[in-house]
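Remarks on the overall topology
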There are 2 protein chains.
Amino acid sequence: MTQRPYNFSAGPAAIPEEVLQQAAAEMLNWNGSGMGVMEMSHRGKEFMSIAAQAEADLRELLAVPAHFRILFMQGGGLAENAIVPMNLSRGGTVDFVVTGGWSQKSAKEARKYATANVVASNEADGHTTLPAPAGWKISPGAQYVHICSNETIHGVEFHELPDLKALGSNAPLVIDFSSHVASRPVDWARVGLAFGGAQKNLGPAGVTLVVVREDLLGQALSICPSAFDYRVVADNASMYNTPPTYSIYMAGLVFQWLKRQKEGDFTGIAAMEARNLGKANLLYNFIDHSQFYVNKVARDCRSRMNVPFFLRDESRNDAFLAGAKERGLLQLKGHKSVGGMRASIYNAMPLAGVQALVDYMRDFEKTCA
Amino acid sequence: MTQRPYNFSAGPAAIPEEVLQQAAAEMLNWNGSGMGVMEMSHRGKEFMSIAAQAEADLRELLAVPAHFRILFMQGGGLAENAIVPMNLSRGGTVDFVVTGGWSQKSAKEARKYATANVVASNEADGHTTLPAPAGWKISPGAQYVHICSNETIHGVEFHELPDLKALGSNAPLVIDFSSHVASRPVDWARVGLAFGGAQKNLGPAGVTLVVVREDLLGQALSICPSAFDYRVVADNASMYNTPPTYSIYMAGLVFQWLKRQKEGDFTGIAAMEARNLGKANLLYNFIDHSQFYVNKVARDCRSRMNVPFFLRDESRNDAFLAGAKERGLLQLKGHKSVGGMRASIYNAMPLAGVQALVDYMRDFEKTCA
């Protein structure tokens, strides 16, 4: 088989080749059951074992403590923008740190259910920095503080989660970690709830991961749909409504792939972090030493997953994208709200893919000289 | 390749073998794009074409009129139990006809958002009949009337949709057609909104079909999450939030399979209806002529899709199921709330599968003689 193209999509995004191969091989007959995974009752022992294994593997990979529940839901991050305040706001005050397009959307949606305050923002500098936690004006009695720990569109990432207790607040921290989950460890001691769509680092679109501290369950507003009430979902092991069975199976295959990964002495998520650091450094270093390309994000808060960059001469954008596609470098166009280019280099992107991108960027620059 | 087992799961359920084979073949590289469908941005031209084709094929198959919108959503039927009243109730009065487990759940969930009246019920006879529409006491000013047009658990099906106008009501009819969609034509002139999870007749779990009359859009309650506001979903061609891309692709393959089906002079849904009638008649006739098995549903409202039946001697249930599995007849155990057996014979179940079941039932009876 020839080399597959490198796919830099921001999500839905590339899936490890060996995961896709296993899924194809098992499509008509999983593990001798005579059924494909898509065809199994979610109440049958075959699928129950697939779901239980996926949850156990994820708990191990992310080192999720026992007092957190792992939920597999539907609707993606955008639905969670409503589901989180329906479950946690008690109709009171909730705080948002706005650092890009996603946290902005989250704050707006929360206003349907609660008083949503923006307690810090990087809007004034075009979402290219992160406001230091020491300056956040957390509301007294805030039911939670929401951050997007990696802004997919703007390429800004929290490399350390804020310690709200140190800031004098007992509010739980809610993180939208859709686009960097499983790319690095999570400091659960600082987290109340984490949510993310699967379609960047965990598998296919259509399943949403929610990891929630057990004491936060059971306080949903009365208008919260039962299917989205965390207490109901947790009590039914994510099977109150029919779960997106195939997406959970695919995510489970990705978890097993993650467990097999090694990088030097590291395995699993630690291996991914080492590899992701290497990939990000390669690309940012190249851009920073170039007069042709530019990344506008402050160095200490650049995302390891999503690298937006611009050609200084934007009239060459179409030629850049066409040449990239010819070299098998796909889906590099930037988000419409930012423009330019964006390379999403999630877990499934090997270092060789980033090297191929850098090689192409160098070559393209030469052809323009 | 040897014969696959016959899978009688109530859902998620069997998928046509040739659909699974095509999906497996395209897993790593769809149509020469170098990407699997799971890996494509939902905003890219490849996936946009897949989604547009799926919608067009479904519109053609089900003969959906132009003044209805087709939405692909998430959360399944149970989420729609909340999403429908959030969108259509205006917080007023909504009516339910309770005919089994699913309509019961729908009525209960609607009470979070509206005054939900049960205007007819078959509870007194154990959900084995259908209350005649002439006797329904539709509320003046009801925002809609909800029925479950096929009760998956109790095996009761409306073979004709009620004509609410003839009953003197202008309320739109809402149908939960999860478990018989695409098994027969739909009389859209009588319908305001139809919804269904895909995992019975349309494809994998994780995508929910909503077909809604255009004039019913735009009246969602303020607490309706944006991702579940039909107006927002329709305006964004089902891509306000990242859609469950792979599930839509799989449903699209099923739609193409449906379009290829022929039965005598019939094609598409008409062919499926003819075939489904033949399958249902074969199984019900056998049961009705047996002293060993029994189906308790009144003959004129028996489901063509879900056939619950009992062994008169229920001590033989485990032996029946074990023997069935040995013959490659899978997932025949009845729903826990009803007991006994249930054969779900959706579109993907060929007549040969029902014949194999009947042959086994006859043989099993003989071994007990």
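Residues numbered from 1 in each chain as written. Chains lettered and ligands numbered in written order. Predicted model: local features only at pLDDT ≥ 70, side-chain atom pairs only at ≥ 80, totals over all residues. Heavy atoms only, no water.

The next subject is the UniProt feature "binding site: L-glutamate" (unreviewed entry) in chain A. In the numbering adopted here, UniProt assigns the feature "binding site: L-glutamate" (unreviewed entry) to Arg43 of chain A. With respect to the secondary-structure elements, Arg43 of chain A resides in the loop between helix H1 (17–25) and helix H2 (45–62). (UniProt positions renumbered as here; feature names shortened; annotations may be inferred. Helix = DSSP H or I, 4+ residues; strand = E, 2+ residues; numbered from the N terminus.)

Residues and elements named next belong to chain A. One open sheet accounts for seven strands, arranged E2-E10-E9-E8-E5-E3-E4; its pairing is mixed. Because the sheet does not close on itself, it has two edges, and the strands there are strand E2 (68–73) and strand E4 (115–121). Averaged over all neighbouring strand pairs, the angle between strand axes comes to 20°, with direction disregarded. Bridge analysis of strand E8 (residues 173–176) against strand E9 (residues 193–197) gives three bridges, and the strand direction is parallel. (Pairing = 2+ DSSP bridges. Axes fitted to C-alpha atoms, helices over the stretch in contact; angles between N-to-C directions.)

Attention shifts here to the domain arrangement of chain A. Residues and elements named next belong to chain A. Taken domain by domain, chain A comprises domain 1 (21–258) and domain 2 (262–367). Centre-to-centre separation of domain 1 and domain 2, based on C-alpha positions: 26 Å. With 25 residues of domain 1 in contact, the opposing surface of domain 2 contributes 24 residues. For the domain 1 and domain 2 pair, buried surface summed over both sides reaches about 2000 Å², with 58% attributable to carbon and sulfur atoms. In this assembly, domain 1 and domain 2 are joined by zero salt bridges. (Domains from an automatic or database assignment. Contact = heavy atoms within 4.5 Å. Buried area = accessible area lost by both parts, 1.4 Å probe. Salt bridge = Lys/Arg side-chain N within 4 Å of Asp/Glu carboxyl O.)

Moving on, we come to the sheet that holds strand E4 (residues 115–121) of chain B. Residue and element names in this part refer to chain B. With mixed pairing, the seven strands of this open sheet are ordered in space as E2-E10-E9-E8-E5-E3-E4. Each having just a single partner strand, strand E2 (68–73) and E4 make up the two edges of the open sheet. Between one strand axis and the next, the sheet turns by 20° as a mean value, whatever way the strands run. Contacts from helix H2 (residues 45–62) reach E2 and strand E10 (208–213), with the element oriented near 130° to E2. Where helix H3 (residues 76–88) meets the sheet, its contacts fall on E2, strand E5 (145–148), strand E8 (173–176), strand E9 (193–197) and E10, and the angle it forms with E9 comes to roughly 155°.

A word on the relation of the copies chain A and chain B. Rotating chain A by 180° about the axis while translating it 0.0 Å along that axis superimposes it on chain B, leaving an RMSD of 0.0 Å. Such a combination of turn and shift is consistent with a two-fold rotation axis. It is Ala24 of chain A whose C-alpha, among those of chain A, lies nearest the rotation axis, at 2.2 Å. Most of the interface of chain A is mirrored in chain B: 100% of its interface residues are interface residues there too. (Least-squares fit on C-alpha atoms with pLDDT ≥ 70 in both.)

A separate point is the UniProt feature "binding site: pyridoxal 5'-phosphate" (unreviewed entry) in chain A. Residues and elements named next belong to chain A. The feature "binding site: pyridoxal 5'-phosphate" (unreviewed entry), as given by UniProt, occupies Trp102, Thr152, Asp176, Gln199, Asn241 and Thr242 in the numbering adopted here. Taken together, the annotated residues stretch across 141 residues and extend over separate regions, lying up to 29.5 Å apart by C-alpha. In this structure Trp102 comes out as partly exposed when scored by relative accessible area, which is 21%. Residues within four places of Trp102 in sequence aside, it is in contact with Leu78, Cys148, Glu151, Thr152, Ile153 and Asp176. By secondary structure assignment, the location of Thr152 is in the loop between strand E6 (150–151) and strand E7 (156–157). If near-sequence neighbours (up to four positions away) are discounted, Thr152 is found in contact with Ala10, Trp102, Ser179, Lys200, Asn306, Arg342 and Tyr346. (Buried < 20%, exposed > 50% of the residue type's maximum accessible area, 1.4 Å probe, protein only.)

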